[in-house]
Amino acid sequence: MKTRTMLLSALAVALGTTASLPLQAAEPSPADMVDALNAVFGRHAGARGSHAKGFCARGTFTPAAGATGFAASRLLGATQVPAEVRFSIGGGNPKISDKSRSVRGIAVRLTGPDEGWDMVFISEPVFFAATPESFVSFLQARVADPATKKPDPARIKAHNEKYPEGTRQPGLLAAHAAPASYASTAYHSNHAFRFVGASGQAAWARLQFEPVAGVRYLSEDEEKSLPDAFLEDEFKRRIGGGSADFDLYAQPAGNGDALTDPSTAWSNGPAKVKLGRLSIDRHTGQDCNEQVYVPTRLPAGVEPSDDRLLRMRAAAYAVSSSRRNAP
Ligand code: HEM
């Protein structure tokens, strides 16, 4: 990004255009964004640039009666569709502790009769950045100082002064312990989508999976006694006797709720609309590891907003995927 900006500046000077053409820093490219992740977490063979630690599972999604009234998708009109799922921990460290106070992720691929839908959500209702620029700056501020091997608090402070949204997600994460189970965590789209129902009416909404088991975080005792890796075994044990279930809700926007900024929380607007139930009953290890889930792979009746981060994700995930097995 820096090189591109310098080249543009040099070109403008050479052309004598600086006075008439104010130069703006170019938007970070998808590769710049993955570079920013790699600079914090390093590159690990076979691993994703973010959400590097995770495992796969399978189950079904049963649309709620009348869900096509909210989004006129044939997938939501089906009786039941297969679901492929990946649970993960945010960040590019494949060995991160399951007790870390960082976001948990869920990627769900629904395969309908003739449409697909990828939902790639996290366990907090807000994202740590509002724009690609803020995303890169947030990460650059967290690159470890070579002397202390830790992020420099002064750089984080400077980031937060420039991009105040940078404190929101870390504040939420610090306020509770890590999730006790992938099955007792809610997951949020952060982004808004435009839903168009069977009779043509449109509504903006964010999506969320709510755990039927309820939300539960680790107790102080569990934080001390559990090993660093417990989430996968806990999940296997849990579904051994049944399934892990989540209800998918659309949360319609209230007055003033931001449609293109995933870093802001929404007000309690109109009542949530239940779109269906995800029921996961098989642990499948690493069988989805090569997949790339694309947050803008949407069925009919669900449209992306102009949120620049949402629009950027597909390309950034493609860059990350191409790097996973590159030397
Ligand atoms: C432009 C902003 C973002 C960038 C650049 C970014 C970057 C990445 C990258 C590089 C990966 C690894 C992709 C792969 O190798 O397949 C990833 C995975 C993931 N991201 Fe993002 N991310 C962004 C925004 C978000 C947001 C807003 C959310 C949640 C609301 C999110 C949730 C996830 C999850 C859950 C995964 C794991 C997907 C899987 O299991 O395959 N990301 N992200």
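Residues numbered from 1 in each chain as written. Predicted model: local features only at pLDDT ≥ 70, side-chain atom pairs only at ≥ 80, totals over all residues.

Colleague: Explain the overall build of the chain residue by residue, including any values.
Modeller: Of regular secondary structure, the chain possesses 9 helices and 9 strands. Principal-axis analysis of the C-alpha atoms places the extent of the chain at approximately 65 × 55 × 40 Å. In the chain, buried positions account for 39% of the 327 residues. Considering only intrachain contacts with a sequence separation of at least 6, the fraction spanning at least 24 residues in the chain is 73%. (Helix = DSSP H or I, 4+ residues; strand = E, 2+ residues; numbered from the N terminus. Buried ≥ 20, exposed ≤ 12 C-beta atoms within 10 Å, placed from the backbone. Contact = placed C-beta atoms within 7 Å.)

Colleague: Which residues make up the environment of A130, and what values do they have?
Modeller: Looking at the secondary structure, you find A130 in the loop between strand 4 (116-122) and helix 4 (132-140). Those residues within four positions of A130 in sequence are excluded, and the remaining contacts are E165, D261 and S263.

Colleague: Talk me through the site of the ligand; I want residue IDs and the actual numbers.
Modeller: Not every one of the 30 residues close to the ligand is listed here, only the nearest: R48, G49, H51, G105 and S320. Put simply, the parts of the chain that give the shell around the ligand at least two residues each are helix 2 (30-41), strand 2 (81-89), strand 3 (104-111), strand 4, strand 5 (187-196) and helix 9 (308-324). Within the shell around the ligand, the residues separate by chemical class into 16 nonpolar, 10 polar and 4 charged. (Near = placed C-beta within 6 Å. Nonpolar A, V, L, I, M, F, W, Y, C, P; charged D, E, K, R; others polar.)

Colleague: A description of the packing of helix 2 against helix 4 should follow, citing residues and the corresponding values.
Modeller: Axis separation between helix 2 and helix 4 bottoms out at 9 Å; the angle between their running directions is 15°. In terms of axis orientation, helix 2 runs roughly parallel to helix 4. You can see that helix 2 and helix 4 cross each other, and the crossing is left-handed. In contact with D32, M33, A36, L37, A39 and V40 of helix 2, helix 4 contributes P132, F135, V136, L139 and Q140. (Axes fitted to C-alpha atoms, helices over the stretch in contact; angles between N-to-C directions. Parallel < 35°, antiparallel > 145°, perpendicular 65-115°, else oblique. Left-handed = near helix turned anticlockwise from the far one by under 90°.)

Colleague: Tell me what's going on with the environment of Y217, and back it up with residues and numbers.
Modeller: Turning to its location among the elements, Y217 is positioned in the loop between strand 6 (202-211) and helix 7 (220-225). When the C-alpha atoms of Y217 and S263 are compared, they prove to be 23 Å apart, with 46 residues separating the residues in sequence. Those residues in contact with Y217, other than ones at most four positions away along the chain, are H176, A177, A178, P179 and A180.

Colleague: With reference to specific residues and values, describe the pairing of strand 2.
Modeller: Two faces, one strand: in a regular strand the side chains alternate between the faces of the sheet. Most of strand 2 sits out of view: 8 of its 9 residues are buried. Inspection of the sheet shows strand 1 (residues 53-63) paired to strand 2 by 9 bridges, in the antiparallel sense. Opposite A57, over in strand 2, you have V85 as the bridge partner. (Pairing = 2+ DSSP bridges.)

Colleague: Tell me about the confidence of the model for the chain, and please be specific about residues and values.
Modeller: In this model, the chain carries an average pLDDT of 93, and 93% of its residues clear a pLDDT of 70 or more. A low-confidence stretch, residues 1-20 (pLDDT under 50), is modelled with 14 contacts involving residues beyond four sequence positions or located in other chains. (pLDDT = per-residue confidence, 0-100.)

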